[in-house]
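Coordinate analysis (summary)
Here is what each chain is made of, one letter per residue.
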Amino acid sequence: MSNTGNLESTCIFCKIINGESPSRIVYRDDLVTAFHDIHPVAPLHILIIPNKHFHSLNLANIEDEPLLGHLLTVAHQIAIRVGVEQSGYRLILNTGPDAGQAVFHLHFHLIGGRRMRFPMG
Ligand code: 5GP
Ligand code: ZN
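First things first, this report covers the structure right here in the doc. (Residues numbered from 1 in each chain as written. Chains lettered and ligands numbered in written order. Predicted model: local features only at pLDDT ≥ 70, side-chain atom pairs only at ≥ 80, totals over all residues. Heavy atoms only, no water.)

Another point: the sheet that holds strand 1 (residues 25-28). Strands sit in the order 1-2-3-5-4 across an open sheet of 5 strands; the sheet is antiparallel. A strand with exactly one partner marks an edge of an open sheet, and here the two such strands are strand 1 and strand 4 (89-92). Ignoring strand direction, the axes of neighbouring strands in this sheet form an average angle of 20°. As paired strands, strand 4 and strand 5 (residues 108-112) are joined by 4 bridges and run antiparallel to one another. Counted as the bridge partner of Ile92 is His109 from strand 5. Along the sheet, helix 2 (residues 65-82) makes contact with strand 1, strand 2 (32-36), strand 3 (44-50), strand 4 and strand 5, crossing strand 3 at roughly 155°. (Pairing = 2+ DSSP bridges. Helix = DSSP H or I, 4+ residues; strand = E, 2+ residues; numbered from the N terminus. Axes fitted to C-alpha atoms, helices over the stretch in contact; angles between N-to-C directions. Contact = heavy atoms within 4.5 Å.)

Before going further, it helps to spend a moment on the site of ligand 1. Around ligand 1 lies a shell of 16 residues, among which Asp37, Asn94, Ala102, His107 and His109 are the nearest. Notes on ligand 1: free accessible area 520 Å², of which the protein chains cover 81%. Because more than half of its atoms lie within 2 Å of the grid, ligand 1 is assigned to the largest pocket. Elements with a minimum of two residues in the shell around ligand 1: helix 1 (12-17) and strand 2. Sort the elements by how many residues they give to the shell around ligand 1 and helix 1 lands first, with 3 residues. Here the residues of the shell around ligand 1 are counted per class, giving 8 nonpolar, 7 polar and 1 charged. (Near = heavy atom within 4 Å. Areas by Shrake-Rupley, 256 points an atom, 1.4 Å probe, with all protein chains shown as cover. 1 Å grid on protein atoms, 1.4 Å probe; cavity = no way out; pocket = protein on both sides within 12 Å on 5 of 7 lines; lining within 4 Å. Sits in = over half its atoms within 2 Å of the grid points. Nonpolar A, V, L, I, M, F, W, Y, C, P; charged D, E, K, R; others polar.)

Moving on, we come to the pairing of strand 3. A regular strand places its side chains on the two faces of the sheet in alternate fashion. Extensive coverage of strand 3 is indicated by the burial of 7 of its 7 residues. Alternating residues of strand 3 divide into Leu44, Ile46, Ile48 and Pro50 and His45, Leu47 and Ile49, and every residue in both groups is buried. Two strands pair when backbone bridges link them, and strand 3 and strand 5 are joined in this way by 5 bridges, in the antiparallel orientation. When the bridges of strand 5 are listed, Leu44 appears paired with Gly112. (Buried < 20%, exposed > 50% of the residue type's maximum accessible area, 1.4 Å probe, protein only.)

Right, let's talk about the pairing of strand 5 for a bit. Summarising burial for strand 5: 5 of the 5 residues are buried, a large majority. The alternating pattern of strand 5 places Phe108, Leu110 and Gly112 on one face and His109 and Ile111 on the opposite face, and all of these are buried.

Around the zinc ion (ligand 2), the protein contributes the donor atoms Cys11 (SG), Cys14 (SG), His53 (ND1) and His105 (ND1), which lie 2.0 to 2.3 Å from the metal centre. Considering all 4 donor atoms around the zinc ion (ligand 2), the spread of angles at the metal, 105 to 116°, places the coordination shape in the tetrahedral class. (Donors = N, O, S within 2.8 Å, 3.2 Å for Na, K, Ca; no water. Tetrahedral: all angles 85-135°; square planar, octahedral: opposite > 155°, others 65-115°.)

So, on to the packing of aromatic side chains. Per the stated rule, a full pass over the model turns up 1 aromatic pair. With centroids separated by 5.3 Å and ring planes inclined at 75°, the aromatic side chains of Phe13 and Phe35 adopt a geometry described as edge-to-face. Here the residue Phe13 occupies a position in helix 1, and Phe35 occupies one in strand 2, the gap between them amounting to 22 residues. Residue Phe13 is classed as buried on the basis of its relative accessible area, which comes to 6%. For Phe35, a relative accessible area of 3% translates into the label buried. (Phe/Tyr/Trp six-rings, centres within 6.5 Å; stacked < 30°, edge-to-face > 60°.)

Laid out in structure tokens, this is it:
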């Protein structure tokens, strides 16, 4: 797989990418991996992450735009695959302490399968 030189040995999501940690993977390609969240907050709760380690969105640069766009395209494809494209779904990207980011490897949460609350926050 490409980008394996960009994994961080102490990062739980990098360990999932390289197979050191178990996970229920739902999608994988050269750039991104998606797997079920260990503590789902909705009937559907999938994490979509770049295979390259980024501490957070704050570490992404202009050259990462194709990768960031690909994460969104994959989110849509997963939504189709798991049957929530029409019922709806929400993508969340927590960045930093105020957002409650707990795992410091950039990730989108894809949640669905129930009516979401709004406003958020
Ligand atoms: P954050 O608050 O950083 O946006 O969300 C981190 C998410 O990662 C949480 O929803 C948490 O349940 C999930 N998570 C943390 N550790 C693991 C793990 O080892 N495996 C899986 N599948 N999910 C994890
Ligand atoms: Zn990582």
